[in-house]
Amino acid sequence: MSRRTSRRPRFGSVSHMHEAGGGAGSVREDIQALDYDIDESTLFHQELLRQPLEYRRRLNLYRWLICGAVGCGTGVLAFAIDCICEQLFDVKFSVAAHAMTHALRGSGSSAAAWVAGLATMSAINLLFVSVAVGLVVCVSPVAGGSGIPEVKAYLQGVKVPRMLRFDALLAKSVGVLCAVASGLVVGKEGPMIHIGAIIAAGVSQGSSKSLNVRTMWLKSFRNDHDKRDFVSAGAAAGVAAAFGAPIGGTLFAMEEAATYWSQPLTWRTFFCALCSTFTLNILLSSRRTDHFGALSHPGLITFGAFLPSDSDWDLRELPIFVGLGVVGGLVGAAFVSLSRRLTVWRLRAVVTARRRVCEVLAVTLLTTFFAFSLPLLLPCADHFATRNSTSHSEAPWRPEAPFEAPNPLVPALDELLCPAGRHAGLGEITLGPHEHAIKVLFHSTTKPAPVNLGISAIYALFSFALGVLTYGLPVPSGLFVPAIMAGGATGRLFGELLSIYAPGYSTSPPGNFALIGAAAVLGGVCRMTISITVIVVECTTNISYLLPIALTIMVAKLVGDLFNEGIYDMHIRLKRYPMLPEEPPHERERLQAKHVMATSIKSVCDVERVGKIIDLLNTTTHHGFPVIASSQLQRARPADGNQGTPFQRKPRVLGIVLREQLVTILAKLKAHNWRAPSPGPDPHALAADDFLRPWFNEAVSADSVRMSADELERRIDLRPYINEAAVVTAQNSSLRRVSALFRSLGLRHLLVVESCPTIVGVVTRKDLL
């Protein structure tokens with residue numbers, strides 16, 4: 001397979017890593033790969049030998065303490081976001097209700113009061129969303145969206161610029177509460193995953209580049225391998241705080257995020273998720289019940305209590321659940337397809353900051369208009385009611401709202417549109433917080449049923465259309481809540497149709513079908529199975545519907561996969577992150593490592609001249625250089641007598657050295673008057689601490705290392721810094737194997753050797769015991 005000559009090969013670059021995985025399309029050149037591989041240099045081996053057993057046990061204890069701190073910090077921040085969101089909702093609804101009441105009493109015109117309420121809500125929503133989009137556009141562009149594609153890419157080895165910075169945390173936290181309070185069809189749950197990952201990255205490193213905080217705490221964890229583990233735990237803590245689902249959060253990190261996993265990491269991740277849920281539960285329950293220690297609010301969103309008496313289902317209902325799964329898969333596939341088309345258009349047309357801000361403001365106005373206008377389409381009905389836990393009688397019910405005081409806007413709208421004792425049912429859903437609407441769909445038993453049919457159908461279209469339009473805007477936005485809203489309304493529609501046309505066929509109330517529909521659309525959009533199943537079950541606090549929920553989600557995923565990929569994988573491709581697929585595409589399965597490897601390799605000798613290293617750093621963009629034994633180099637003189645180029649006969653590769661290591665070696669040795677490192681007590685010798693993250697000490701670059709003519713002729717012994725156990729593969733290795741190595745080991749570079757290397761031994765499983 002030929003390679004175009006116009007393209008300069010880049011050894012170890014992200015583009016080659018992406019190409020090896022068979023990804024389609026180009027990748028961003030400003031993104032590099034992380035190095036999860038463990039350093040096996042002589043310098044770090046000496047450092048490990050100096051570490052006593054007590055030190056390693058202390059490090060393990062620190063890992064548990066950091067995970068606990070990350071979980072508690074995520075829970076506290078989730079509590080703060082929820083409380084501020086409640087206050088913003090309360091202020092917005094109170095001001096809008098006052099404007100409607102004042103206009104109605106002043107003019108006596110219902111139309112004038114409706115316009116006053118719409119104008120007030122629009123102004124407040126525009127104010128809130130302006131803060132959200134301003135933070136994303138001006139402070140941290142990576143804070144837009146849910147952040148799940150970025151977290152997935154990072155955990156697979158892609159270094160997304162600035163995704164774990166403090167400015168991203170600030171923009172994400174403040175932006176998501178403003179976006180939710182503005183009435184956009186978004187949720188807080190998706191961004192909590194990104195927020196948890198940022199908190200984990202900051203706490204585990206004991207420093208912050210954005211805040212210019214540099215400490216010597218936790219310096220042993222300042223490597224990509226340990227940081228990746230903590231970010232995995234932080235992502236699980238975000239899921240646990242969002243849904244009150246610590247098991248679901250752990251499974252989410254395992255299933256959807258990380259490509260590497262181990263049993264100790266599983267326990268630490270679960271502990272982190274438990275701390276997050278427990279912290280948020282105590283804080284929320286204490287605030288809403290005025291009793292410290294009450295544990296009744298495990299997450300930012302709950303589905304309400306599904307009573308055991310309402311959770312019975314019959315075997316005859318399984319075909320209906322499968323049908324809901326098919327519908328959920330089709331809805332999810334349509335959502336992904338439309339979102340892809342819209343995102344591609346945005347990448348081409350909405351490119352300036354002004355256009356991005358204007359688009360967000362326009363979508364906010366459109367959402368507010370529909371939320372205010374849709375209640376006019378249906379006649380007034382009875383107030384929502386729910387089954388009482390003891391008598392099963394129907395009583396007026398306001399589902400537990402995410403704010404303490406009832407929504408004052410709903411009574412004002414009822415007074416405007418309905419006679420006394422009647423209720424604008426759709427207004428209760430569209431004008432309130434989205435969590436409130438979800439509980440109405442899951443638990444209300446309002447009659448007559450035809451009104452519920454209209455509410456369910458209109459709200460399903462409303463949630464789906466505005467969810468597609470909103471996801472991808474430059475504001476922090478979660479996708480779980482819009483998918484639950486659209487799926488819940490679709491499932492509720494199924495349940496109401498059954499109650500009308502086949503009342504004796506189903507024993508489940510319509511709200512239970514709304515739960516199944518929500519799970520189906522979640523599976524169809526996100527294409528997750530195990531984690532979504534457990535999250536939904538944990539949110540309901542009832543295991544009776546485990547089998548229907550799991551079956552529905554599996555069917556939805558299978559149906560959706562027939563048409564396209566999941567929403568997060570699709571956005572990863574559109575953002576051009578070099579994320580490897582689980583398996584190479586079918587058309588590339590016959591390729592081998594020699595077909596995709598870079599052949600124009602830039603290497604260094606184990607004892608190299610400083611001038612050669614400086615020239616290599618300044619003329620290439622490679623991030624890894626193979627190191628060969630200088631004793632095997634010879635000079636060949638052509639017939640014309642000119643100086644030839646170095647060539648090797650059966651060259652012996654000693655390992656690999658990174659660009660950052662070479663720059664650090666040059667800078668440190670120059671600062672130490674070129675004293676070579678030694679195992680002795682020389683205070684000027686390079687140590688493992690000198691190779692911490694470049695920005696931690698003094699950030700250096702190839703341009704900043706100025707050398708005199710004499711210094712350029714010096715030679716540096718690179719052998720103490722070479723990673724002597726770099727992963728290698730034979731040139732005839734299949735692309736499937738190469739991709740599996742990158743995914744499972746988190747590689748940044750992979751050395752390709754001849755197919756017949758010299759063998760020195762064989763290691764079996766028993767030899768490792």
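Residues numbered from 1 in each chain as written. Predicted model: local features only at pLDDT ≥ 70, side-chain atom pairs only at ≥ 80, totals over all residues. Heavy atoms only, no water.

Provide a residue-level description of the overall build of the protein chain, including the pertinent values.
Along the protein chain, the regular secondary structure elements total 26 helices and 13 strands. The burial tally for the protein chain puts 54% of its 769 residues in the buried class. Just so you have it, the protein chain exposes about 33400 Å², and 60% of that area is on carbon and sulfur atoms. (Helix = DSSP H or I, 4+ residues; strand = E, 2+ residues; numbered from the N terminus. Buried < 20%, exposed > 50% of the residue type's maximum accessible area, 1.4 Å probe, protein only. Areas by Shrake-Rupley, 256 points an atom, 1.4 Å probe, with all protein chains shown as cover.)

Can you break down the packing of helix H3 (residues 53-107) against helix H7 (residues 189-205) residue by residue, with the values?
It is at 9 Å that the axes of H3 and H7 come closest, and there the two elements cross at 135°. The angle between H3 and H7 places the two elements in the oblique class. Where H3 crosses over H7, the two elements pack in a sense that is right-handed. Every residue of H7 that contacts H3 at Ile-66, Ala-69, Val-70, Gly-73, Thr-74, Leu-77, Ala-78 and Ile-81 is listed here: Met-192, Ile-195, Gly-196, Ile-199, Ala-200, Val-203 and Ser-204. Grouping the amino acids of the contact of H3 with H7 by side-chain chemistry returns 11 nonpolar, four polar and no charged. (Axes fitted to C-alpha atoms, helices over the stretch in contact; angles between N-to-C directions. Parallel < 35°, antiparallel > 145°, perpendicular 65-115°, else oblique. Left-handed = near helix turned anticlockwise from the far one by under 90°. Contact = heavy atoms within 4.5 Å. Nonpolar A, V, L, I, M, F, W, Y, C, P; charged D, E, K, R; others polar.)

Break down the side chain of Gln-205 for me, citing the residues and quoting the values.
Mapped onto the elements, Gln-205 comes out in helix H7. On the basis of relative accessible area, Gln-205 is assigned to the buried category, the value being 3%. Separated by 3.1 Å, the side chain of Gln-205 and the backbone oxygen of Phe-221 make a polar contact. (Polar contact = N/O pair within 3.5 Å; in protein donor to acceptor, adjacent residues only side chain to side chain.)

So what's going on with the pairing of strand E10 (residues 653-658)? Which residues, and what values?
Counting buried positions along E10 yields five of six residues, so the element is predominantly enclosed. In this sheet, E10 lies alongside strand E7 (residues 624-628) in antiparallel orientation, the contact comprising five bridges. By the bridge assignment for E10, Ile-628 is matched with Val-653. (Pairing = 2+ DSSP bridges.)

Can you tell me about the pattern of salt bridges, naming the residues and giving the values?
For the coordinates displayed, the defined rule picks out 20 salt bridges. For the salt bridge of Asp-226 with Arg-63, the shortest nitrogen-to-oxygen distance reads 3.3 Å. On the criterion of sequence distance, the pair formed by Asp-226 in helix H8 (residues 224-243) and Arg-63 in helix H3 is long-range, its members being 163 residues apart. For Arg-287, the salt bridge is made with Glu-86, and the minimal N-O distance between the two is 2.2 Å. Pair noted here: Arg-287 is in helix H10 (residues 263-289) and Glu-86 is in helix H3, with a separation of 201 residues, a long-range link. For Arg-287, a relative accessible area of 22% puts it in the partly exposed group. (Salt bridge = Lys/Arg side-chain N within 4 Å of Asp/Glu carboxyl O.)

Before we move on, could you go through the confidence of the model for the protein chain and cite the residues and values that matter?
When pLDDT is averaged along the protein chain, the result is 82, and 85% of the positions lie at 70 or above. In the predicted structure, residues 1-24 sits below a pLDDT of 50 and forms 68 contacts with residues beyond four places in sequence or in another chain. Overall, residues 676-684 carries pLDDT values under 50, and its contacts beyond four positions in sequence, including any with other chains, amount to 10 contacts. (pLDDT = per-residue confidence, 0-100.)

Could you give an account of the side chain of Thr-552, with specific residues and numbers?
Counting through the fold element by element, Thr-552 comes out in helix H20 (residues 546-561). If we skip the residues at most four places from it in the chain, Thr-552 touches Phe-321, Leu-324, Gly-325, Ile-516 and Ala-520.

Can you tell me about the sheet that holds strand E5 (residues 604-605), naming the residues and giving the values?
The sheet built from three strands is open, its strands ordered E5-E7-E10 with mixed pairing. Single-partner strands in this sheet number two, and they are E5 and E10. Relative to E7, E5 runs parallel, the two sharing two bridges. Looking at the pairing, Val-604 lines up with Val-627 of E7.

Hey, could you go over the nonpolar core for me, with residue numbers and the actual values?
With 145 residues, the main nonpolar core has Phe-243, Phe-303, Phe-442 and Phe-480 as its most contacted residues. The element that contributes the greatest number of residues to this core is H3, accounting for 17 residues. In this view, Phe-442 contacts Phe-303, Phe-306, Ile-484, Gly-488, Gly-511, Asn-512, Ala-514, Leu-515 and Ala-518; residues no more than four positions away in its chain are not counted. With 24 residues, the next largest nonpolar core counts Leu-43, Phe-625, Leu-669 and Met-707 among its residues. (Core = buried A, V, L, I, M, F, W, Y, C linked by side-chain atoms within 4.5 Å.)

If you had to explain helix H6 (residues 166-181) to someone new, which residues and values would you point to?
Relative to the 22 Å expected for 16 residues at 1.5 Å per residue, H6 spans 23 Å between its end C-alpha atoms, a close match to the ideal helical length. Judged by how many residues are buried, H6 sits mostly within the fold: 13 of 16 residues are covered. In the stretch just after H6, Gly-183 is the one whose phi turns positive, near 90°. (Expected span 1.5 Å × (residues − 1).)

Would you mind going over a nonpolar patch on the surface in detail, with residue names and values included?
A contiguous nonpolar patch, built from Phe-166, Leu-170, Leu-211 and Val-213 and spanning about 320 Å² of accessible area, is present on the exposed surface. With respect to the secondary-structure elements, Val-213 resides in the loop between H7 and H8. (Patch = residues over 30% accessible without salt bridge, like charges linked within 9 Å, V, L, I, M, F, W, Y side chains within 5 Å.)

Just give me the short version of unusual backbone geometry, but keep the residues and values in it.
Of note in this structure, Arg-162 is not a glycine but carries a positive phi near 65°. Checked against the element boundaries, Arg-162 lands in the loop between strand E2 (158-159) and H6. Positive phi outside glycine occurs at Arg-576, with the angle close to 60°. Residue position: Arg-576 is located in the loop between helix H21 (567-574) and helix H22 (593-596).

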